Amino acid sequence: MKILHHPHLADIHLCSVLQALSDPIRLQIVQDIAAGGEQPCNNFNVPVAKSTMTHHIRTLREAGVVQVRVQGTQHIVALRTEDLQARFPELLPVILRNSAG
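Residues numbered from 1 in each chain as written. Predicted model: local features only at pLDDT ≥ 70, side-chain atom pairs only at ≥ 80, totals over all residues. Heavy atoms only, no water.

S.K.: Go over the overall build of the chain, please, and point to the residues and values.
M.R.: In terms of regular secondary structure, the chain is built from 5 helices and 3 strands. Against the 2.2 N^0.38 benchmark of 13 Å for 101 residues, the chain shows a C-alpha radius of gyration of 13 Å, consistent with a compact globule. By principal-axis analysis of the C-alpha atoms, the chain measures approximately 35 × 30 × 20 Å. When each of the 101 residues of the chain is scored for burial, the buried share is 39%. Long-range contacts, defined as pairs at least 24 residues apart, comprise 65% of the intrachain contacts of the chain with a sequence gap of at least 6. Of the roughly 6100 Å² that the chain leaves accessible, carbon and sulfur atoms contribute 53%. Where the 9 positive side-chain charges of the chain centre and where its 8 negative ones centre are 7 Å apart. (Helix = DSSP H or I, 4+ residues; strand = E, 2+ residues; numbered from the N terminus. Rg over C-alpha atoms; globule rule 2.2 N^0.38 Å. Buried < 20%, exposed > 50% of the residue type's maximum accessible area, 1.4 Å probe, protein only. Contact = heavy atoms within 4.5 Å. Areas by Shrake-Rupley, 256 points an atom, 1.4 Å probe, with all protein chains shown as cover. Lys, Arg positive; Asp, Glu negative; His and termini not counted. Charge placed at Lys NZ, Arg CZ, Asp CG, Glu CD.)

Quick look at the structure:
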């Protein structure tokens, strides 16, 4: 089984987080997780191919925005809310609040 890399808290950089969240599809994924909690990758209603979705999830994971765990054949995606709050206080709530609607 492939081991997924998740950056340590100290290795999460603001520019990487902001770059990951600058894409509307990735921002929608984060909003969906924030609203509904952790979800399997195939649960997101975004207009992209499976391979593109994999790219978006990988970008968010490598930036430190989400945590991905493998459960059987599914990849479950959750926000790293506590880590992001510890590293960049109030960043995620501000982004989510200003991107809603």
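S.K.: Residue-level account of the sheet that holds strand 1 (residues 39–40), with values.
M.R.: Across the sheet, 3 strands lie side by side as 1-3-2; this open sheet has antiparallel pairing. One side of each edge strand has no neighbouring strand; the edge strands of this open sheet are strand 1 and strand 2 (66–71). As defined by bridge partners, strand 1 adjoins strand 3 (residues 74–79) across 2 bridges and the pair is classed as antiparallel. Each bridged residue has a counterpart across the sheet, and for Q39 the counterpart in strand 3 is V77. Lying over the sheet, helix 3 (residues 50–63) contacts strand 2 and strand 3, oriented at roughly 120 degrees with respect to strand 2. (Pairing = 2+ DSSP bridges. Axes fitted to C-alpha atoms, helices over the stretch in contact; angles between N-to-C directions.)

S.K.: Hey, could you go over the nonpolar core for me, with residue numbers and the actual values?
M.R.: If you look at the biggest cluster of nonpolar residues, it comprises 26 residues, and the most contacted ones within it are I29 and V65. Of all the secondary-structure elements, those providing two or more residues to this core are helix 1 (14–21), helix 2 (24–36), helix 3, strand 2, strand 3 and helix 5 (91–99). For this core, the element with the most residues is helix 2, which contributes 5 residues. (Core = buried A, V, L, I, M, F, W, Y, C linked by side-chain atoms within 4.5 Å.)

S.K.: Run through the layout of surface pockets, naming residues and quoting values.
M.R.: Gaps left between atoms are located by rolling a probe of water-molecule size over the structure's atoms. Quantified by volume, the largest pocket comes out at close to 500 Å³. Lining the largest pocket are 19 residues; nearest its centre among them are C41, K50, M53, T54 and H75. The set of elements that each furnish at least two residues to the lining of the largest pocket consists of helix 3 and strand 3. Among the elements that take part in the lining of the largest pocket, helix 3 stands out by supplying 6 residues, more than any other. (1 Å grid on protein atoms, 1.4 Å probe; cavity = no way out; pocket = protein on both sides within 12 Å on 5 of 7 lines; lining within 4 Å. Points joined across faces, edges and corners; volume = space filled by probe spheres on them.)

S.K.: Any details on helix 3? Residues and values, ideally.
M.R.: For helix 3, spanning 14 residues, the distance from its first C-alpha to its last is 20 Å, which sits close to the expected 20 Å at 1.5 Å a residue. Every buried residue belonging to helix 3 is among M53, H56, I57, L60, R61 and A63, and all of these are buried. Where the residues of helix 3 are buried, they touch helix 1, helix 2, strand 2 and strand 3. (Expected span 1.5 Å × (residues − 1).)

S.K.: Give a description of the pattern of salt bridges that names residues and reports values.
M.R.: Charged atoms that come close allow side chains of opposite charge to pair. In this structure the tally under the stated criterion is 2 salt bridges. Between R69 and E38 there is a salt bridge; the shortest N-O distance is 2.6 Å. On the criterion of sequence distance, the pair formed by R69 in strand 2 and E38 in the loop between helix 2 and strand 1 is long-range, its members being 31 residues apart. Of the residues examined, E38 reaches a relative accessible area of 43% and is grouped as partly exposed. (Salt bridge = Lys/Arg side-chain N within 4 Å of Asp/Glu carboxyl O.)

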